[in-house]
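# Close look at the chain arrangement
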Amino acid sequence: MTRRDFPQLETTRRGLLLGAAGLGLATASGSLNRAFAQDTPRKGGVLKLGMGGGSTTDTLDPRVMTDWVPLNQAFMLMNGLVEIDRNNQAVPELLESWEAKPGAAEWVFTLRQGVTFHSGKALTVEDVIYSINLHRGETSSAARAIAEQIKDVRKLSESQIAIELTGGNADLPFLLSDYHFLVVPEGFTDWSKPIGTGPFVYESYEPGVRSRFTRNPSYWKPGCANVDAVEVIVINDVAARTNALMSGQVHAINRLDFKTVDLLKRNPKLQIVQSAGGQHFTFLMDCTKAPFSDVNVRLAIKHAIDREQLLKVALRGYGQLGNDHPIPRTDRFFNTELPQRAYDPDKAKHYLQQAGMSDLKVELSSSDAAFGGAVDAAAIFRAAAAKAGIDVTIKRESPDGYWEKVWLQAPFSMGYWGGRPTADQMLSIAYASDAKWNDTHWKNAQFDKLLLEARGLLDDAKRKEIYWTLQEMISNDGGAMIPMFGDYLDGVSTQVQGVTPHPMFNFMGGRLAERVWLAA
Amino acid sequence: MTALILKRIALGVFTLWLVSVLVFAGTQLLPGDVASAILGQSATPESLAALRRDLGLEVPALLRYSHWLWGFVQGDLGQSQANQQPVAELLWPRFWNTMFLAAYAAAIGVPLAVGLGILTAVRRGGVFDRLVNIVALGTVSLPEYFLGLVLILVLAVQNPVFPSLADVYPGMGFAERLDATTLPMLTLLLVTVAQIMRMTRTAVLAVMDSAYVETAYLKGLQTGRVVLRHALPNAAAPVVNVVAFNIAYLITGVVLVEAVFNYNGLGRFMVDAVAKRDLPMVQACAMVFGAAYVLLNMTADIAAIALNPRLRHPR
């Protein structure tokens, strides 16, 4: 969940980083290029995963954990409170059920019974409260901003806890699916060797290099933890990762290079897992700075980009068109009736005239730190915009320090979001007037009011109505041009069974290891 | 001689100290610090402040540097700021990995290159000379990551002879380790052989034209004996120099090869450390790399003196 990651080696490195631990998508859309033999899980074998997104400085401390490899390793050792399923619903993990009082400010959660830690200790309410409290108060937790909404957590009985929020939030279960909310025994602090309730037990772990965890024979989740052991080999270079998969040294790799997916698809021993999700790429106009303070200029820019071409060139088609708002079509509150904006140089010129201009010169700050291929995307935009009388100068920024020095500062820059579990979270974090990461400096009192209203509503029909309006407001008035959403792509050997697309990140939302099994 | 070596060592230590100052200052100039690198986008001012306090980052830079230096001279490399592990524990296994690969490549590459250099010098202008030169120049002109990928394609993906991942781990057998690192070794061979080979060839040729070599031939010695006993010792100094230079490259300059083969060496480790602004780790790597360069250069200089009677016995 770091916006500022170090210089990007690849496109989607920051996918995880940006997404709080989930994406609130209504239906998991995505496809597998081959049908799977979905027979019953078979036990045995050693699963080898080659993964990018790890570093020798990694840690499994749930408070400061970040990036793909630790996320997957953490889900092997520990369980979360709530998980997001492949249909994008918040479903129970260690919290078995929940109920909100009207107004959604007070919640009661029931704990799953009969779960034990790897140490043999039974899971109790105290463990869960301790684990939540790691992120509250004076803490360096990355989930602190989420946990700040929690006013109080208390024990009701041996199986129930109450959570009181500072304000109504109907999405609390989604928020608790954030990957930082992992459960450890009360008082646990030895993060170099976590003890959890997860599908695998710690055997060896070398940060940023490799890990080996063995099967937890008494794992509580039915049909899971099938392989005897799981090995993770960190391979940050995408070419090395792809080679390792092709030469059979690993069973699966995450985050394929968009450019080589078509080639990999030809290999009969491989399956490509494509998952549509919430990661999207943005061209950010600062609504407080001229010329972007004029909505007509913003609309001119939004009509001056050829989205189809950009998607085809930059992502090789492995993505979805964006409609200048951050809600993905997989979200249950995605506005299906908002017309898709298309490339229209004449309309762009029309809006320029409305703004009292015959032509427009703008400077676009770009760097591959924003997302891999951002500079190329800027060039594609430049060519398309020229036909609409908009002269775009591309200013190449250094990738190092891009998030500190350029993002949120330059009048016209590029960026990237990994999506959030819910529409509310995505809109609150980057579009509300007082949002910390309001990267377009767009302010709209009406928007803020509606956003707050929808947050506390438990009635989905009413919420949908509001979220549809909000998407329309951002699309027509906001400062972000969002031309496309990128899919998550994994490559998996056909030997691995039980793999499905998942709207939340690569590798089935980080829980691939516990779900799959190896064919005989 | 001893005085000279001592002087060299003192200079080397001074160089290392300078490196540590420059690296420290350089990392201070980079935008962001370890706290913002760890927390990234989810950083709020409060959590940043909390983490900075935990890591002792509000202490002035000069004080932090002196603290580090004091630990270093006592042999304490400190703790990683990002994951709280002792730096030494993280560093040494990778150091040995790097040394293993460098030694593997040097053990095969240096004799091969010197041998080829002598042979091409003897067969100057012949087909063999030209062929070897063309191939060597060709491989040295290609970037190492490209050569690595070609080797992977041919020897790992299309014909699975060697693994594409140079995956090494503790407890691995020596033969297994050699097998795993063969492809990166071959890549390094291809990029280092040319330089040593050509330097040897030029040096040998230079002395081959001299009068005493002609005399040796005239008194009826065989070519082999002329080259090995008479020409080579006088050609050795520049060869030793270029060999030392290439070994230093094998230790310090192989980040790209490590990336292509996913080899767990020091180069990748340092890249990670810089990315996270993890100062104790960056400093430790810089010291190792600096020491490697200093030592090898010193060895080359001393060897050059030892090999040259005029320098060995100054009048």
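One can find the structure itself at the top, above this paragraph.
The text that follows walks through the structure, step by step, so that each part is easy to find. (Residues numbered from 1 in each chain as written. Chains lettered and ligands numbered in written order. Predicted model: local features only at pLDDT ≥ 70, side-chain atom pairs only at ≥ 80, totals over all residues. Heavy atoms only, no water.)

Looking now at the sheet that holds strand β6 (residues 106-111) of chain A. Residue and element names in this part refer to chain A. Across the sheet, which stays open at both edges, the four strands sit in the order β5-β6-β8-β7 with antiparallel pairing between neighbours. Edge positions in the open sheet fall to β5 (95-100) and β7 (150-155), since each of these has one partner strand only. On average, adjacent strands in this sheet sit at an angle of 20° to one another, irrespective of strand direction. (Pairing = 2+ DSSP bridges. Helix = DSSP H or I, 4+ residues; strand = E, 2+ residues; numbered from the N terminus. Axes fitted to C-alpha atoms, helices over the stretch in contact; angles between N-to-C directions.)

To continue, consider the packing of helix α14 (residues 445-455) of chain A against helix α15 (residues 460-477) of chain A. Residues and elements named next belong to chain A. Following both chains from N to C, one finds α14 and α15 inclined at 155°, their axes separated by 10 Å at the closest point. With respect to α15, the axis of α14 lies roughly antiparallel. As α14 packs across α15, the resulting crossing turns out to be left-handed. Counted together, Q446, F447, L450, L451, E453, A454 and R455 of α14 and R463, I466, Y467, T469, L470, M473 and I474 of α15 form the full contact between these two elements. Residue classes in the contact of α14 with α15 are distributed as nine nonpolar, two polar and three charged. (Parallel < 35°, antiparallel > 145°, perpendicular 65-115°, else oblique. Left-handed = near helix turned anticlockwise from the far one by under 90°. Contact = heavy atoms within 4.5 Å. Nonpolar A, V, L, I, M, F, W, Y, C, P; charged D, E, K, R; others polar.)

Moving on, we come to the interface of chain A and chain B. At the junction of the two partners, chain A supplies 49 residues and chain B supplies 45 residues. Approximately 3600 Å² of surface area, both sides summed, lies buried where chain A meets chain B, with 53% of it carried by carbon and sulfur atoms. The tally of links between chain A and chain B comes to three salt bridges. Linking chain A with chain B are seven residue pairs in polar contact (both at pLDDT 80 or more), by the criterion used here. (Buried area = accessible area lost by both parts, 1.4 Å probe. Salt bridge = Lys/Arg side-chain N within 4 Å of Asp/Glu carboxyl O. Polar contact = N/O pair within 3.5 Å; in protein donor to acceptor, adjacent residues only side chain to side chain.)

Turning to unusual backbone geometry, a few remarks are in order. Residue and element names in this part refer to chain A. Look at the link from A290 to P291: it is a cis peptide, with omega at 0°. Position of P291 relative to the elements: it lies in the loop between β14 (280-285) and α8 (295-303). One non-glycine residue with positive phi stands out, namely A225, at about 55°. Along the polypeptide, A225 turns up in the loop between β10 (210-215) and β11 (229-234). Overall, the relative accessible area of 0% leaves A225 in the buried class. Unlike most non-glycine residues, H441 shows phi in positive territory, near 55°. Mapping H441 onto the fold places it in the loop between α13 (423-430) and α14. (Buried < 20%, exposed > 50% of the residue type's maximum accessible area, 1.4 Å probe, protein only.)

Moving on, we get to a nonpolar patch on the surface. Residue and element names in this part refer to chain B. There is a patch of nonpolar side chains on the surface, built from L142, Y145, F146, V150, L153, V154 and L256 and spanning about 560 Å² of accessible area. Tallying contributions element by element places helix α7 (residues 144-158) first for the nonpolar patch, with five residues. On the secondary structure map, Y145 appears in helix α7. Since its relative accessible area comes to 41%, Y145 is described here as partly exposed. (Patch = residues over 30% accessible without salt bridge, like charges linked within 9 Å, V, L, I, M, F, W, Y side chains within 5 Å. Areas by Shrake-Rupley, 256 points an atom, 1.4 Å probe, with all protein chains shown as cover.)

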